[in-house]
Structures are given as structure tokens and as C-alpha cells.
Amino acid sequence: MSTLLTTLLSANARWAERLSDTHPNFFSQCAKGQSPKVLWIGCADSRVPESVVTDAKPGDIFVHRNIANQFHPDDDSALSVLAFAVDVVGVEHVLVVGHTRCGGAAACLEAVQSQASNSPPPVSSNTPLGRWLAPLTNLVSTLDLEALPAETHLDTIVEANVKRQVENVCATDVIKGAWAAALGDESGEKRQVWVHGLVYDVASGRLKDLGVSRGPQTRGE
């Protein structure tokens, strides 16, 4: 067994023991099921572990992560996570979370710059990663980055990306169905689902709300 794997297993055992000591019934309660109120759609980057940066416990956050926190309208993986989270688990808040210094966003910026200079892109469009990042690369090409200081380009892309993924999530049948059900419920007891866009600052450890939250009352705005 590798040293790294041994270290991980030992760390897990110590963590489980500490948590059992402070919360004796925690794991037995987890075994009964889950009822998180939040779905986190984030980047696979190792520096942005959702439970750690929000000081959450196992069972608090339902999670879907991928390269550059994408939500493609034709991605069955993301769509199935959203459907299960909203329709089965019962989440009330969907968070699309990007982060500063995102490698995927940087690759898309370089791809657009390489197109302009007729040089090879950093990631071939014929690879799985290139195909995955293609929608984000297309988004970058529509941004007027030349009007902004170069040092702000990546942050601009990160925020624009989060806003686009919020739009994509809100356009799904799952979210539109949840909003329609909430608006048609005269009793006011129907669960409301909200979609939010955040950016995590790797350098400070802080989450920033982009102010693009949408719910049943804002869907047409």
C-alpha cells in the first residue's frame, strides 16, 4: 500500500473517531438518510472543497463538481444531479460557485488569445477537455476584454462564467417546474427553490455573492 494511501486512511480513522467522540450519534443519523438544503455546483479544483470552505458537516451539502464549474444544457450527469437534488432530496438553494485563478477559465482565455495570434491552443479542441471547455471558450470570445486591464481578464471570465451557468440552471425543466409549482401553490407551503451565483477567492478564503440570485418571483426578470 502506498504511503499516501496509508496516510489518508489513518487521517480518516482519526477524523471519524474525533467526530464520534463529540457527536456520538452523528454517523448513525447519517446512515438513516440525507436532507441537505443546498446543492453546490462547483469546480473540481482541490483548493475549493465545499464542506471545508463553508464549515459544513457531511450531509449538509449535495454536490456536483467538474472542470470550471460548468452546467451544460445537454449534460446528463449535471441534469440528473439537479433533478435528484430538487425533486428527491428536496434542496432549496442551488449554488453555482466559481473561483479565482481557475485553470479551466485560464485555458479558455489562452485558447481565444491563440486564435487571435494563429498559434496552437493550450488544449486541443479534439480532446475531452477541449470539448468540455468549448462553451466557455465561446463565451470568452464574446467578452470585451480588450477594454479592460489585462490583470482583470481572468476574474472577469470567472464571474461571467458563473452568471452563464446560473442562466443554464434556471433554463432547465427541473427549475422551471419547481418555480411553476411554487407560484401555483395558493397555500404558500410549497417549497421554493433559489439559484445563486458565487465566486470563491482562493487568496482570501472568502465567498463573494455576485447578486444574480433567482427564484420563483424573479424568473421573468
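A brief structural summary.

**Structural notes on the pairing of strand β1 (residues 38-43)**
Consideration 1: Counted residue by residue, β1 has 5 buried out of 6 residues, so it is predominantly covered.
Consideration 2: The pairing of β1 with strand β2 (residues 61-66) spans 6 bridges and is classified as parallel. Paired with isoleucine 41 across the bridge in β2 is histidine 64.
Consideration 3: Here β1 pairs with strand β3 (residues 93-99) via 5 bridges, running parallel. Residue pairing for β3: tryptophan 40 is matched across the bridge by leucine 95.

**Some words on the pairing of β3**
Consideration 1: The buried fraction of β3 amounts to 6 of the 7 residues, a majority that puts the element mostly inside the structure.
Consideration 2: The pairing of β3 with strand β4 (residues 194-201) spans 7 bridges and is classified as parallel. Bridged to glycine 98 within β4 is valine 199.

**Details of empty space enclosed by the protein**
Consideration 1: Counted according to the given criterion, the structure contains 1 cavity of 30 Å³ or more.
Consideration 2: Taken as a whole, the largest cavity spans an internal volume of roughly 30 Å³.
Consideration 3: Residue assignment for the lining of the largest cavity shows that the elements contributing at least two residues are β3 and α7 (153-170).
Consideration 4: A per-class count over the lining of the largest cavity returns 5 nonpolar, 4 polar and no charged.

**With respect to the sheet that holds β3**
In sheet architecture, strand pairing relies on hydrogen bonds along the backbone and comes in two forms, parallel and antiparallel.
Consideration 1: Spatial strand order, β2-β1-β3-β4-β5: 5 strands in an open sheet with mixed pairing. Edge strands, defined here as strands with exactly one partner in the open sheet, are β2 and β5 (206-209). On average, adjacent strands in this sheet sit at an angle of 25° to one another, irrespective of strand direction.
Consideration 2: Of the strands in this sheet, β1, β3, β4 and β5 touch α7, which is tilted by about 160° from β4.

**What about a nonpolar patch on the surface?**
Consideration 1: Judged by side-chain polarity, Met1, Leu4, Leu5, Leu8 and Leu9 come together as a nonpolar surface patch covering roughly 560 Å² of accessible area.
Consideration 2: Tracing the backbone shows leucine 8 in helix α1 (residues 3-22).

**Remarks on the layout of surface pockets**
Consideration 1: When its volume is computed, the largest pocket comes out at roughly 230 Å³.
Consideration 2: Along its surface, the largest pocket is lined by 15 residues, and Ala111, Gln115, Val123, Ser125 and Thr137 are the ones closest to its centre.
Consideration 3: Contributing elements (two or more residues each) for the lining of the largest pocket: α5 (103-117) and α6 (128-142).
Consideration 4: Of the voids in this model, the second largest pocket is the one considered here, and its volume is about 200 Å³.
Consideration 5: In this structure, the second largest pocket is lined by Leu109, Val112, Gln113, Ala116, Val140, Ser141, Leu143, Asp144, Leu145, Glu146 and His153.

**Points about the side chain of histidine 64**
Consideration 1: Turning to its location among the elements, histidine 64 is positioned in strand β2.
Consideration 2: On the accessibility criterion, histidine 64 (9% relative accessible area) is buried.
Consideration 3: Residues contacting histidine 64, with those up to four places away along its chain left out, are Leu39, Trp40, Ile41, Gly42, Asp75, Ser77, Ala78 and Val81.

**What about the pattern of salt bridges?**
Consideration 1: Applying the stated criterion across every chain yields a total of 5 salt bridges.
Consideration 2: Note that aspartate 60 is salt-bridged to lysine 57, the shortest N-O span being 3.8 Å.
Consideration 3: Taking the relative accessible area as the measure of exposure, aspartate 60 reaches 32% and is therefore partly exposed.
Consideration 4: The shortest N-O distance in the salt bridge between arginine 164 and glutamate 167 comes to 3.5 Å. Here glutamate 167 and arginine 164 lie together in helix α7, a separation of 3 residues that amounts to about one turn.
Consideration 5: Arginine 164 gets classed as partly exposed once you look at its relative accessible area, which sits at 35%.

How each quantity is defined
Residues numbered from 1 in each chain as written. Predicted model: local features only at pLDDT ≥ 70, side-chain atom pairs only at ≥ 80, totals over all residues. Heavy atoms only, no water. Buried < 20%, exposed > 50% of the residue type's maximum accessible area, 1.4 Å probe, protein only. Helix = DSSP H or I, 4+ residues; strand = E, 2+ residues; numbered from the N terminus. Pairing = 2+ DSSP bridges. 1 Å grid on protein atoms, 1.4 Å probe; cavity = no way out; pocket = protein on both sides within 12 Å on 5 of 7 lines; lining within 4 Å. Points joined across faces, edges and corners; volume = space filled by probe spheres on them. Nonpolar A, V, L, I, M, F, W, Y, C, P; charged D, E, K, R; others polar. Axes fitted to C-alpha atoms, helices over the stretch in contact; angles between N-to-C directions. Contact = heavy atoms within 4.5 Å. Patch = residues over 30% accessible without salt bridge, like charges linked within 9 Å, V, L, I, M, F, W, Y side chains within 5 Å. Areas by Shrake-Rupley, 256 points an atom, 1.4 Å probe, with all protein chains shown as cover. Salt bridge = Lys/Arg side-chain N within 4 Å of Asp/Glu carboxyl O.

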